[in-house]
Every structure is written in structure tokens, then in C-alpha cells.
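Structure assessment
Each chain is listed here by its residues.
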Amino acid sequence: MAQMLAPGRRARGGVDRLDTAPLGRILTDMGAIDQPRLEAALTRQTSTGLRLGEVLTAQNAVDEPTLTEALAQQWSIGTITPATDPPDPELFNPDALEIYLEHKILPWRRLGNITTYAVVEPSRAAEGLAALAPDAPFAFFAMIGPRAFEAALAGHLPEAAAERAAHRTPTEFSVRGLDRARIWFGLGLAAIVLTVVFGGPLAVAMGLVVLFLINAATTVLRLCALFASRRSQPGPAPAEGIIDLAGKRAPPKITLMVPLYREAEMVRAVIDALDRLDYPRELTEVILLLEDSDRETRAAVASTDLPGWVRAMVVPDGLPRTKPRALNYALDHAEGEIIGILDAEDRPAPDQLTRVAALLRSAPSDVACVQCQLSYFNARENWITRSFFIEYSIWFEVLLRGYRALGLPIPLGGTSVYFRRSSLRALGGWDAHNVTEDADLGMRLARAGLRAEVDLSVTEEEANCRIFPWIRQRSRWLKGYLFTWLSHMRAPGQLWRDLGPLGFFGLNVLFLGGATAYLAIPLFWTALLGWVVTGEGIWSSSVPGWAIWPAGVSLAVGQAVMLGCAVLALRRRGALDLILWVPLLPLYWTIGAIAAWKAIIEFFIAPFYWDKTRHGVSRQGFGAPMNTIPVDTI
């Protein structure tokens, strides 16, 4: 094994930096960089507030092994090269994984009573050793690069790392602890259905009354959101000169996590889309998250020449195989002060990171995240994509703005959402078992007294343009909505105290009401057709009118309110040519009823199954011009 510590550099607790040459001089003496490159990097270091090594690696000027060797010379300690100096796996303790991650330290080799520790940051060696082995008589320290450190953990503690990612969210806030509640929910739902079907006219009447109450509450909330959205605008434009604040406070580093699963054909498109961002490359860290079992995508990434600010990370195999589990794994290795999530097909606006950085920098501390707006670059491809565009316009231009103005908790989107890393870690990351982890995280933010801001910046993505993939995608969303509702309602008293009466009401209507609206659509069409064909309702002869008419009116008014929201949303987005498609939305939502019933079935037989949406199938592709979406002040 290579020498780990220079002669005389033996320590009980840490490493004291000697009076050695600056890092830049060491690198030039090594022949790693020339003087012009060094001077350019030093200039960028001044404007970004980063360390010189971070600037050079982001610029592809120096690779990690070279930088590690130079830093080791600066600290007068040795280096570890895992390929030639493998660790002793017996020293790796799964129970100490959190300490390894927090302090970037690993026990590497032991000789007698002396242990050599691999450290990413020698300045923190004493702190790491105190947490890991406070009674160690002697310790040697050696430098290891951050990517080599990640690989060592993934290679020797894959089960512990996978377990941590899967169970990061506390059990009381995770759907993984809902087995008993799910059974009771199923029994209750079955009892309601059987009672309505076989219980006679009175049972049907009571079922219609319940439907009326839920649907009326949903309609009232949406109507209130429609009017409230008129006085709610997304976040302010960013302060000018966010990149020129080095003299006062350096701009924040932003980590973008991009989960890729069976997305080999999307790798190049992702890099090209992110390359359009105008945020400084030295302050941008992009992590492409790959599943260990996904050999095709891993091969595609390996064959791609990644920029220095983009790196691939392989998530250890484990269950559930979901996007939030991958995000949890990467959270331990992300270096950014801000954590952003993007999907494989996303095309964020070039100034999006600049706007987000400015907004979070100036926002109060209770603003934990920023949600950017979503749209579709293939919105006019066919009826499905047009309807999808209208639906997202309703959400971002009317409902989301209205809910924000009303002070309701906001279900976040799964992409183009940016978090303060400190808030995200404090909440326990994402619930790896929830297939709509984004909506759930929005509720947990609100329950913790935090809130989300909304920004005008738009990310364009690919709308599902085929009916059966659309149904699968929507069923996953609705299944997650049911799980999110059940998860937060397991302790309704605490939920009431956390959110207050209005927030409690809003959460129930958003999730339970939203799912019920889809489930009730077949009933709406059946009643309407029965009335058109026979001139009377299907239950008119047996069920009293006091139960039929309120339910029917609430269903009809609910449809009308959503159509009104659609017209207003299209006007705000400057897409008036799509208004002619608005009357067809009830047919589009009828397809959603199929997805809703599929979600009910999966809720019981495949609760954590993630129905993957395939990207890159649109005929318009990623070369299509971006839609321009003006947002007015209506």
C-alpha cells in the first residue's frame, strides 16, 4: 500500500495544514495547467466564491485524481487510489454510514492500533474522527477525491446506502407505514360500494348526498381559487446582478438532479438542454441519476463526453425502485446550497437558475422552495397533448395561483422545483414509497411551517401524446394522491393543528376531492345520457329528488367551473387558439376516470409500483421551437 502520511505527519485528531505553496502553483509545477489557465480560474474564483479546485474541475481543466494529488501535496499527506489501494471492507460499518456521509471520512486500512482514514477534506479530519472514533490512539489521514469516496461507499455499503435512501422519510410521514390503514380504507370503500349497490333507494340516496358534499366542496374551492388567482402573481423578477454579488455575498451553488431510468435515447438531449442555462458552470452541479440495473442507460452515459459540471451517479439496487429513492440517495452527495429537480425531457428557460437563486436569496427563511411553471413543447401535436396543455395551464395559471393566494398548502410538481438543501434534509427528503412524492413533499413543507414560492420561469417538457401511456401516467398520479391523503389523515388531529382549519380543508379537497371527481365522471355521463334518452334520471322512480338533484347539479357546475378556468388560463398564457378545444375537456377527463379506477386497483395490489412514462416519443421531438407563454396580470 502507498504511503498514507508524510514522515512526521502523525496525528491523534486531525491534520494541520503546513505553510506550503498555493494550490495553483502546485498545479502549474505539476504541469497540470498553464499560467493563463490559472489566472482565468482565479478570476472566476473571485466572482463565484468557490475554491480553486471546484472552478478548475467544472471547467474540465483538471481531473479529480490530479486535483487530489495536488491537494495532498498542499496538506503534506498521502493520497488514496482505490484501484491500486483498495480498502479493508471489514472496517466499513453500516451503522456508521451517516457519519461517513456527514464528515466525508472512511476507515481505510488498519495496522496494529493505527487506522488510516480516507478524507475528502483534511480540514475536517479532526471533526470526523471525533464523531467516528473518539478514542482512537493514533490516526493517519490520506486524501481521497469526492467521486472516489462516493464509489467506495456505493461499492462496499450498497445495502446500507439503499436502505437509507428508501427509509429516509420518518415512518409517521411515509406511506410505507400505511399497510393497516390501507386495509381499513379498502374495507370501508367496499362497504360503501356494496351498501349503495344492494342497500336499496335510501342507501343510494345517502351515497348521492356524500358525492354531492365532496363534489360541492371541490367545486367551491376551485371557484374560490379562480377568483383569488386574479390578485395573485407568481414571484417577482430576480434582482439584477445576482452573478455580480461576490463582493458582498457569493451566488449559491445549485445542484440539479436528473433521474434517468430506461432513458438511453435522452442522454444527449438532457445535456443539450442544460447547456442552454446561463448560470455560471462553476456554480452548477448536474447529477445524472442512473439505476444500477439499467445497463442501457448507463452505457449511453458512459459513451457520452460529459462536461466537467455534469456527472453520473449510479444508485445501488434496492426497493422500491422509484424516482424519490434515487433523489434521496443523491441528496447525501449533492454539494449545492439549492437542490433542483428536472426530468429527462425537460427544457428549462435559460435564465431559470438565475431567477431561482435570486428569489431564494431574497426570500424570507420560511420560503423553502421555488416552483417554476411547466408547459409542453408538443402542445399542438394532437388532441391528447392539446388537452394536456390546457390542463396544465389551468393548474399553473388559475388553481395554483389561487391556492397560493388563499394560503393553502401547495402540492409541488415533480420537476422544475428548487429547494433549500437545509430544509429538504430537515424534512427527511422525499418519501421513496410515494409515487407522487412531489405532492406529498408540498404537504410536509406546509406542516413544518414552510412555504413554496412560485416563479414565472417556464420549463417545457414532452406531453404524453398516446392514450394508453397517458392512462398509466395519470393512474400513478391518482394512486399517489390517494396515498398522500391517507398518509396525512392517519392522525387528523395533528394535521388540523399543523395546518389549521383552512389548510386541513384544502388538503382533503385537493387529494380526496380530486380523485373523487375523476371516479364520479362515469356517474355523470350515465345520468346525463339517461336523462337525454328517457327524459328522467336513472334513479328517478326510486330515489327521492332531494338526493338526485343536488348531486346532479354539483357535477354539472363542477364541469362548468373547470371549463371557465380553462378559458381564463388560456387567455393568460396567450394560447387563445386552443379555446375551441375547451368544450372537449369532459371527454378528456372521462379517460381520466379509467385511470382513476386503475389507480384504485393498484392501490391495493401494487401500492408502490412506479408506472414509468417513456419520453422521446413525440413526433415534434426536441428540435421543435419552444412555446412562448406570456403571462399577463388579469
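Please read all numbers here as calculations on a predicted model, not as lab measurements. (Residues numbered from 1 in each chain as written. Predicted model: local features only at pLDDT ≥ 70, side-chain atom pairs only at ≥ 80, totals over all residues. Heavy atoms only, no water.)

Turning our attention to the overall build of the chain. Counting its regular elements, the chain contains 22 helices and 12 strands. Pairs at least 24 apart in sequence give 80% of the contacts found in the chain among residues at least 6 apart. Total accessible area computed for the chain in this model is approximately 26,600 Å², and 60% of it derives from carbon and sulfur atoms. (Helix = DSSP H or I, 4+ residues; strand = E, 2+ residues; numbered from the N terminus. Contact = heavy atoms within 4.5 Å. Areas by Shrake-Rupley, 256 points an atom, 1.4 Å probe, with all protein chains shown as cover.)

A separate point is the packing of helix α17 (residues 437-447) against helix α18 (residues 467-488). Running from N to C, α17 and α18 cross one another at 25°; their axes reach a closest spacing of 9 Å. In this view, α17 runs roughly parallel relative to α18, as classed from their interaxial angle. The handedness of the crossing between α17 and α18 comes out as right-handed. Residues A439, D440, M443, R444 and R447 of α17 lie in contact with α18, whose contacting residues are Y481, T484 and H488. In the contact of α17 with α18, the residues fall into 3 nonpolar, 2 polar and 3 charged. (Axes fitted to C-alpha atoms, helices over the stretch in contact; angles between N-to-C directions. Parallel < 35°, antiparallel > 145°, perpendicular 65-115°, else oblique. Left-handed = near helix turned anticlockwise from the far one by under 90°. Nonpolar A, V, L, I, M, F, W, Y, C, P; charged D, E, K, R; others polar.)

Structurally, T322 can be placed in the loop between β7 (310-315) and α13 (323-331). For T322, the residues in contact, after removing those within four places along its chain, are E291, A432, F608 and W610.

By the secondary structure assignment, T354 is in helix α14 (residues 352-362). For T354, a relative accessible area of 15% gives the class buried. A polar contact is formed between the side chain of T354 and the side chain of D278, at a distance of 2.9 Å. (Buried < 20%, exposed > 50% of the residue type's maximum accessible area, 1.4 Å probe, protein only. Polar contact = N/O pair within 3.5 Å; in protein donor to acceptor, adjacent residues only side chain to side chain.)

All right, on to a nonpolar patch on the surface then. Taken together, the side chains of I183, W184 and L187 present a nonpolar region at the surface, about 380 Å² in accessible area. Overall, the relative accessible area of 54% leaves I183 in the exposed class. (Patch = residues over 30% accessible without salt bridge, like charges linked within 9 Å, V, L, I, M, F, W, Y side chains within 5 Å. Salt bridge = Lys/Arg side-chain N within 4 Å of Asp/Glu carboxyl O.)

This part is about the nonpolar core. Grouped together as the largest cluster of nonpolar side chains are 65 residues, with contacts concentrated most on I390, I394 and L585. Only α10 (201-228), β10 (367-376), α15 (383-406), α17, α18, α19 (492-519), α21 (545-572) and α22 (585-605) provide two or more residues apiece to this core. Per-element accounting of this core gives the leading share, 11 residues, to α15. Aside from chain neighbours lying at most four places away, what touches L585 is S387, I390, I394, L563 and A566. Of all hydrophobic cores here, the second largest spans 48 residues; its members include L274, L290, L342 and V356. (Core = buried A, V, L, I, M, F, W, Y, C linked by side-chain atoms within 4.5 Å.)

Our focus in this paragraph is the packing of aromatic side chains. Per the counting criterion, the structure on display carries 20 aromatic pairs. Residues W383 and Y588 carry aromatic rings whose centres are separated by 6.3 Å and whose planes lie at 85° to one another, so their mutual orientation is edge-to-face. Taken as a pair, W383 in helix α15 and Y588 in helix α22 lie far apart in primary sequence, 205 residues in all. In this structure W383 comes out as partly exposed when scored by relative accessible area, which is 25%. Here F388 and Y392 contribute two aromatic rings whose centre-to-centre distance is 5.5 Å and whose plane-to-plane angle is 85°, an arrangement assigned as edge-to-face. In this pair, F388 and Y392 are both assigned in helix α15, 4 residues apart and thus about one turn of the helix distant. (Phe/Tyr/Trp six-rings, centres within 6.5 Å; stacked < 30°, edge-to-face > 60°.)

Counted by the stated rule, this structure contains 2 cavities of 30 Å³ or more. Here the largest cavity defines a volume of roughly 90 Å³. Taken together, 13 residues make up the lining of the largest cavity; nearest its centre are L101, A161, Y329, D332 and H333. Secondary-structure elements contributing two or more residues to the lining of the largest cavity are α5 (97-103), α7 (146-156), α8 (158-166) and α13. Residue classes in the lining of the largest cavity are distributed as 8 nonpolar, 2 polar and 3 charged. Lining the second largest cavity, in full, are L327, I341, L412, G413, G414, V417, F419, W430, E437, D438 and L441. Every element with two or more residues in the lining of the second largest cavity is listed here: β11 (417-420) and α17. The element best represented in the lining of the second largest cavity is α17, accounting for 3 residues. Each residue belonging to the lining of the second largest cavity can be placed in one class, and the counts come to 7 nonpolar, 2 polar and 2 charged. (1 Å grid on protein atoms, 1.4 Å probe; cavity = no way out; pocket = protein on both sides within 12 Å on 5 of 7 lines; lining within 4 Å. Points joined across faces, edges and corners; volume = space filled by probe spheres on them.)

Along the polypeptide, E397 turns up in helix α15. On the basis of relative accessible area, E397 is assigned to the buried category, the value being 1%. Taking the C-alpha atoms as reference points, E397 and C565, separated by 168 residues in sequence, lie 8.8 Å from one another. Engagement of the side chain of E397 in a polar contact is seen with the side chain of R401, the distance being 3.1 Å.

Take the pattern of salt bridges next. Applying the stated criterion to the full structure yields 37 salt bridges. A salt bridge links R124 to E121; its shortest N-O distance comes to 3.9 Å. Here the residues in one salt-bridge network are R51, E54, E121, R124, R147, E150, K253, E285, R311 and E335, joined through shared partners.

One open sheet holds the 8 strands; their spatial order is β7-β6-β5-β8-β11-β10-β12-β9, and the pairing between them is mixed. If you trace the sheet from one side to the other, it starts and ends with β7 and β9 (347-348), each paired once. Pairing analysis gives 9 bridges linking β10 to strand β12 (residues 451-461), with the strands arranged parallel. Considered in β12, the bridge of C369 is made with A452. (Pairing = 2+ DSSP bridges.)

Quick look at the packing of α8 against α13 now. Put simply, α8 and α13 touch, their axes get as near as 8 Å, and they point 115° apart. Here α13 runs roughly perpendicular to α8, going by the angle between their axes. Judged by the twist between their axes, the crossing of α8 over α13 is right-handed. Counted together, A161, A162, A165 and A166 of α8 and R325, N328 and Y329 of α13 form the full contact between these two elements.

Our focus in this paragraph is helix α12 (residues 295-302). Burial in α12 covers these residues: T297, A300 and V301. Along the long axis of α12, the arc covered by the buried residues comes to 95°, so they all point the same way. Turned more than 90 degrees from where α12 packs its buried face, R295 and A302 sit exposed. Each element contacted by the buried residues of α12 is listed here: β5 (254-260), α11 (267-274), β6 (284-291) and β7. (Arc of directions from axis to C-beta.)

Bringing the sheet that holds strand β4 (residues 138-143) into the picture now. Taken in spatial order, the 4 strands line up as β1-β4-β3-β2 in an open sheet, and their pairing is mixed. The open sheet terminates on both sides in strands that have one partner only, identified here as β1 (78-79) and β2 (105-111). As paired strands, β2 and strand β3 (residues 114-119) are joined by 6 bridges and run antiparallel to one another. Directly across from R110, in β3, lies its bridge partner T115. In the packing of helix α6 (residues 125-132) onto the sheet, the strands contacted are β2, β3 and β4, and the crossing angle to β2 comes to about 75°.

These results come straight from atomic positions and should not be treated as a statement about function.
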